[in-house]
Amino acid sequence: MPHTPSSPDLARSPVSELTLEPVRAALTQPRADAFAQLGPAFLTRLPATPLPAPYVAGFSTEVAALLGLDPALAQAPGFAEFFCGNTTREWPASALPYASVYSGHQFGVWAGQLGDGRALSLGELAHDGQRHELQLKGAGRTPYSRMGDGRAVLRSSIREFLGSEALHHLGIPTTRALCLIGSDQTVWRETQESTAVLTRVAPSFVRFGHFEHFAANDLPHALRSLADHAIARFYPHCAAADDPYLALLEAIVQVTAVLLAQWQSVGFCHGVMNTDNLSLLGLTLDYGPFGLMDGFDAGFICNHSDTQGRYAYRMQPQVAYWNLFRLAQAFLPLLGMSYPAVQRRERAVADAQAVLEGFRVRFTDALAARMQAKLGLETTQPGDAALVERLLDIMQASHADFTLTFRHLSRITRAAPVEASADAPVRDLFVDRAACDAWLGAYRARLASETRDDAARAQAMNQVNPRYVLRNHLAQTAISRAQEKDFSEIERLAAVLRRPFDEQPEHAAYAALPPVWAATLSVSCSS
Ligand code: AMP
Ligand code: MG
């Protein structure tokens, strides 16, 4: 049998001979239907700002493979220079990286023009029939930087590197991260911090705010070009609909609803759900002060700067709806074209409202399905929603650990155990043991009408309730070590989080309740 290496160009080369040239060539190749081809109303091309003495602080072999890159590339000479953007000064002018323009609502207020103030897209790589855009976050100032310095700090870049990969492995749609390039260059945030450039990867980085930008500036042709791009590249089924733009809006509503159900089901808080941080594709996008809850608190606010709690955990679904409402407003100039002109506006509004209503249904159904799976229930019954609600109530009252409560539920047997201590893994997470026992009684009564045996149910539950999540303190440990130039914890943690549903007994410490010092950690939105 002839052996066919997956990346024939690179796979057989010794590391010292690996070159980034084929990567540059692929990225700078013009592609007719790429975002970059939309033209100058959408973006500005410019090279990255040079970063002194860059070094590799993190690398995902898995994302490399996704892109068809040889994992050994990370050791190739020039890798760090390439992925902090230092070589882009030599790229042809027509194929320079680009920053895109968008606008948005931030914290409920129209913020006007924003844009990629510190992100530069390098272009796209195609592999295995998929196309991926590569974007450098923290690559220097752009025309959209406003007062910012165009940089990202190592701390927040590590959080995005680990967070995005961890969410991916939980099965949650997200941008990915190829590599993290560090530098000794510092910038001022609340204190002096070293900078980094993260290479993030996604089919598209288009945000709700892109649509808002062209609607607010009364540029209907550009708005239409953007929507046509979105349909052609990502939602081709919409092209055949009676109203393709309404179908596009509906598709975005649906993927956003599913995303929110997924966030809620793992206790993920985004932290800055502004319309410029919500993705056309329903991806988790722009990791800032995000956080996964330890002890359950529906009012959990992960962003220290969000004093009003606008983006608290329990608010996220309705904020998503609010953002979709803004998106729908931006879509209005495109909608209702088949109606008589005098009726167009009114009927377009009615259509958009009907599509928006789909959010509630889809979100509720998707979350209910997730919770059903988390409780290991194969059937649905009228009391299930109340059972879930009651569990969340007692978790809230006891501040029970979100991840471990669900994980340990798989150990609950359908029959009441002879020794009450068998329930200890769950009970011990509750201050109010009596409330826990009462709920476990109701849960067992519910399990009585299920046919699956304990072992099969436990196995299924352990595939939806992770044992390992990126707890804030785990990220903080990796950050503290990296700030001392030890990047090994980033790699170790990333490896554990790549298999969040596996027991991994050798890594049990990563699944433990947070240490006392974690209670004082606060995450500001400065990044
Ligand atoms: P974010 O809160 O990170 O989603 O950013 C909101 C807006 O501010 C976007 O337009 C960013 O590009 C821009 N921005 C954030 N930080 C910086 C920075 N350090 N330099 C330039 N622009 C930034
Ligand atoms: Mg943003």
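Residues numbered from 1 in each chain as written. Chains lettered and ligands numbered in written order. Predicted model: local features only at pLDDT ≥ 70, side-chain atom pairs only at ≥ 80, totals over all residues. Heavy atoms only, no water.

Ideal values differ by geometry: the angle at a metal is 109.5 degrees with four tetrahedral donors, but 90 or 180 degrees with six octahedral donors. Protein coordination at the magnesium ion (ligand 2) comes from Asn277 (OD1) and Asp286 (OD), with a distance range of 2.0 to 2.1 Å. Accessibility expressed as a relative area gives 13% for Asp286, which makes it buried. (Donors = N, O, S within 2.8 Å, 3.2 Å for Na, K, Ca; no water. Buried < 20%, exposed > 50% of the residue type's maximum accessible area, 1.4 Å probe, protein only.)

With that settled, consider the pairing of strand β9 (residues 176-188). Sheet topology note: the strand β2 (residues 55-59)/β9 ladder contains 4 bridges and is antiparallel. Its bridge partner lying in β9, Gly58 is registered against Leu180. Of the pairings in the sheet, the one linking β9 to strand β10 (residues 192-202) comprises 9 bridges and is antiparallel in character. Across the sheet, the residue bridging to Ile181 is Val197, located in β10. Between β9 and β10, which pair antiparallel in sequence order, lie 3 residues. (Pairing = 2+ DSSP bridges. Helix = DSSP H or I, 4+ residues; strand = E, 2+ residues; numbered from the N terminus.)

So, on to the packing of aromatic side chains. With the rule as written, the count across this model stands at 20 aromatic pairs. Note on Phe35 and Phe42: the rings are 6.2 Å apart at their centroids and 85° apart in plane angle, and the pair reads as edge-to-face. We note that Phe35, like Phe42, is buried. Each ring, one from Phe107 and one from Tyr311, has its centre 4.9 Å from the other, and the planes form 45°; the classification is tilted. Here Phe107, found in the loop between β4 (103-106) and β5 (109-113), pairs with Tyr311, found in the loop between β12 (291-292) and α8 (316-331); they are 204 residues apart in sequence, far enough to count as distant. One residue, Arg326, lies across the ring of Trp322, its end atom 4.4 Å from the ring centre. (Phe/Tyr/Trp six-rings, centres within 6.5 Å; stacked < 30°, edge-to-face > 60°. Lys NZ or Arg CZ within 6 Å of the ring centre and 35° of its normal.)

Moving on, we come to unusual backbone geometry. Backbone geometry places Asp218, a non-glycine residue, at a positive phi of 55°. Relative to the helices and strands, Asp218 resides in the loop between α5 (208-216) and α6 (220-234). The phi dihedral of Asp286 is positive, around 60°, even though this residue is not glycine. By the secondary structure assignment, Asp286 is in the loop between β11 (268-269) and β12.

Close approach of charged atoms allows side chains with opposite charge to pair. A full pass over the atoms with the stated rule returns 29 salt bridges. A salt bridge links Lys137 to Glu160; the nearest nitrogen and oxygen atoms lie 2.8 Å apart. Here Lys137 is found in strand β7 (residues 130-137), whereas its partner Glu160 is found in helix α4 (residues 154-169), with 23 residues between them in sequence. In this pair, the class of Lys137 matches that of Glu160, namely buried. Connected via shared salt-bridge partners are Arg31, Asp33, Glu124, Arg131 and Arg233. (Salt bridge = Lys/Arg side-chain N within 4 Å of Asp/Glu carboxyl O.)

Our focus in this paragraph is empty space enclosed by the protein. The full count for this structure, using the stated rule, is 6 cavities of 30 Å³ or more. Lining the largest cavity we find Ser60, Glu62, Phe161, Leu162, Glu165, Ala166, His169, Ala494, Leu497 and Arg498. When contributions to the lining of the largest cavity are tallied by element, the ones reaching two or more residues are α4 and α16 (488-497). It is α4 that provides the largest number of residues to the lining of the largest cavity, a total of 5 residues. Considered class by class, the residues forming the lining of the largest cavity number 5 nonpolar, 2 polar and 3 charged. Size it by volume and the second largest cavity reaches roughly 70 Å³. Taken together, the elements giving at least two residues each to the lining of the second largest cavity come down to β3 (98-100) and β7. Its residues assigned to classes, the lining of the second largest cavity shows 4 nonpolar, 5 polar and 2 charged. (1 Å grid on protein atoms, 1.4 Å probe; cavity = no way out; pocket = protein on both sides within 12 Å on 5 of 7 lines; lining within 4 Å. Points joined across faces, edges and corners; volume = space filled by probe spheres on them. Nonpolar A, V, L, I, M, F, W, Y, C, P; charged D, E, K, R; others polar.)

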